[in-house]
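# Structure assessment
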Amino acid sequence: MGQLATLFEPDRIAVVGATDREGSVGRAITANLLADFEGDVVAVNPTKDEVLGLESYDSVVDVPDVDVAVVVVPPSIVIDAIREAGEAGVRDVVVITAGFGESGSEGASRERELRELAGEFDLNLVGPNSLGIMNTDVGMNATFGPESARPGSISFMSQSGAFVTAVVDWANDRNLGFHNVVSLGNKAVLDESDFVAEWGDDPDTDVILGYLEDVVDGRSFVESAREVSADTPIVVVKSGRTEAGASAAASHTGAIAGSEAAYEAALDQAGVLRVETVQDLFDFGSILAGQPLPERDGVAIVTNAGGPGVMTTDAVGDSGLSLASFTDETIEAFQEALPQEANVYNPVDIIGDAPVERFEEALDVALADPNVGAAVVVACPTATLSYEALAEAVVDLQDEYEMPVAATLMGGSSTRAANDTLSAGGIPTYFDPARAVRSLDALREYREISRREYAEPETFDVDREAAREILESAGRRDTNRLGVEAMGLLDAYGIPTPAAEIVDSRSKAVDVAERVGDGGEVVMKIVSPDILHKSDIGGVAVGVPPEEVGDTYEDLVTRARNYQPDATILGVQVQEMLDMDGAVETIAGMNRDPQFGPLVLFGLGGIFVEVLEDTTVRVAPVSEPSARDMLNEIDAAPLLRGARGRDPVDEAAVVETIQRLSQLVTDFPAIVELDINPLVATADGVQAVDVRLTIDQEEL
């Protein structure tokens, strides 16, 4: 265990606010601790001489060697109680009391004071507004929940205290045990990152589960979880899925990469298995805690019922697993062992009259096949089958082959004893075969996570001072938006751009067009930080011949002024015209998320980017392997690789551009949103044709 070892394994706990009043939280916590805790329980309440048979002390200062103080006093005196605990040398505090940040401005002020006090005394503080904590190894139930958890190897944290009580009750009915349980409360000091790090160092925790509504420090969580998930599975339900965060975005990237996309990307990069339902949370947790990881993706299905066998097959098709192809030797073994009417191919249907011996022999043959990595046993109740005997056989065979097995025993009360036997053997059971397959797929997914190799992001040689000057020039103009006038920002970070200049007169436009266009056609764009979508107002002219450059300049300026009379017009950009034959228009961008920081986006670009939304995101900084994965993930990836006879684009150049953009937005927190659209990709490299960004002047 790490720095929270004493929090979970104390020798002496003081309940500050202990009482014997019926129905009170202080009584419930004291009684729960007295029931099973292996250490000492101390009551602190200056208005009582005795609480539930315990001598009651006026203050925690009067009690020697207290390891953990559980504070359950009125909000108005919580700060005083914690100060006394700190002065007494207590380093671990659990604040049950509500009435802090969740209750308005007065409570928020109180929570800030609590946080400052915790910093002053270097306290490990859980809460406030917490249900409490548990550690089944030492019988510690420092909560006001009605039940204690069963012992197990799963550690569970929840942002909802009520959810903890419901989960413990539900899990006890299903023989699912826990090691540690924490109600996070308001997370004033300790948050999800601290508990992930702690349980990652805990040899008694095999799986970490979490119910989260938000993440306090996104970067800290990603770093902690990424390190821990290499050895310990982490499964999380993240609630509060919403698109609201993207509604006020000023860029394509901001509109697409809202808070939900940030969580999705961050949890994936951290190696966290994200699930959408509580059922999957505990299905995945139980199988990860009880079963080995599969060496292969092939699944064998053994069943006594054709319909459920087909349902299971469909579920395999919907997963990342595959239906195992049996060897000839396996098929011959099935033919010898099973009735003629049986189906010896996968799924193996051993016929409805199968006794336990036929199930046992069929599963034995299936698990011995070299193409099988996992198995699902699907059984319906019949007069010829004993579920209890089947459960024992499945446990024995799983133990012999050390291969993951899930069981679907379809029925009600007839399954209970068998489910208990399977659960004791670490084999999860389900009524729905799709749940069994999803759980096996979680093993496969975690196997891939555990094999990931993390690469450090590359640091390129860039001109940071030139980039800083461009950003500060926006500050001097008192604007927070930049367009093509900021192309130099990309040049400073080594992102290729076409030859271009911004001009403020007709004659200069003609001169520059001759130079950058080499006597040929050019592209011309209005330059205004106030006009975001230039194409929508006719502010972009493509393929302008030399003789029309002057008139086009006048037209673009006139259209812009007619569209938005008060807009700041910096001029017109005259840009080299690229050969677009065989080119693919992509987008590279960034949106700064409040929890996770810069979120880098890549995908299919051009004018339809927000319609198609063929994009993928990563939390910066982005490494080379991660940037390469971004190319693989978009639906338009075949376009990059030469679909329909096209030349493949220079993928290495695209990957490097994503990395350089990642470095730029990591180096400059002032950049809030940024779009390079289009980033034109060809066989010869990439060119950033257009850019726009939003900055936070206070960060400059």
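Since this is a predicted model, take the numbers as computed values, not measurements.

## Quick word on the pattern of salt bridges
Counted under the stated rule, the structure contains 28 salt bridges. A salt bridge links R438 to D280, with the shortest nitrogen-to-oxygen separation between them at 3.2 Å. Of the two residues, R438 is situated in helix 16 (residues 433-450) and D280 in helix 10 (residues 278-290); the sequence distance between them amounts to 158 residues. For R438, a relative accessible area of 32% gives the class partly exposed. For the salt bridge of R641 with E651, the shortest nitrogen-to-oxygen distance reads 2.8 Å. Separated by ten residues along the polypeptide, R641 in the loop between helix 23 (637-640) and helix 24 (651-667) and E651 in helix 24 bring together distant segments of the chain. Exposure remark for R641: the relative accessible area of 35% places this residue in the partly exposed category. Look at the salt bridges and you will find they share partners, linking K187, E192 and D214 into a network.

## Observations concerning the sheet that holds strand 12 (residues 207-212)
Strand order across the open sheet formed by seven strands is 9-8-11-10-12-13-14, with mixed pairing between neighbours. This sheet does not close on itself; its edge strands, each paired only once, are strand 9 (140-143) and strand 14 (273-275). Neighbouring strand axes in the sheet, compared pairwise and without regard to direction, differ in orientation by 15° on average. In this structure, strand 10 (residues 151-158) lies alongside strand 11 (residues 178-183), joined through five bridges in parallel fashion. Counterpart to F156 in the pairing with strand 11 is V181. Of the strands in this sheet, strand 13 (234-238) and strand 14 touch helix 9 (residues 259-269), which is tilted by about 140° from strand 14. Sitting on the sheet, helix 10 is in contact with strand 10, strand 11, strand 12, strand 13 and strand 14, with an inclination near 170° to strand 12.

## Digging into a negative patch on the surface
On the surface, D49, E50, E55, D58, D62, D80, E84, E87, E113 and E116 cluster together into a patch of negative charge. Contributions of two or more residues to the negative patch are made by helix 3 (78-87) and helix 4 (105-121). Here the negative patch takes three residues from helix 3, the largest share from any one element.

Definitions and limits used
Residues numbered from 1 in each chain as written. Predicted model: local features only at pLDDT ≥ 70, side-chain atom pairs only at ≥ 80, totals over all residues. Heavy atoms only, no water. Salt bridge = Lys/Arg side-chain N within 4 Å of Asp/Glu carboxyl O. Helix = DSSP H or I, 4+ residues; strand = E, 2+ residues; numbered from the N terminus. Buried < 20%, exposed > 50% of the residue type's maximum accessible area, 1.4 Å probe, protein only. Pairing = 2+ DSSP bridges. Axes fitted to C-alpha atoms, helices over the stretch in contact; angles between N-to-C directions. Contact = heavy atoms within 4.5 Å. Patch = residues over 30% accessible without salt bridge, like charges linked within 9 Å, V, L, I, M, F, W, Y side chains within 5 Å. Areas by Shrake-Rupley, 256 points an atom, 1.4 Å probe, with all protein chains shown as cover. Lys, Arg positive; Asp, Glu negative; His and termini not counted. Charge placed at Lys NZ, Arg CZ, Asp CG, Glu CD.

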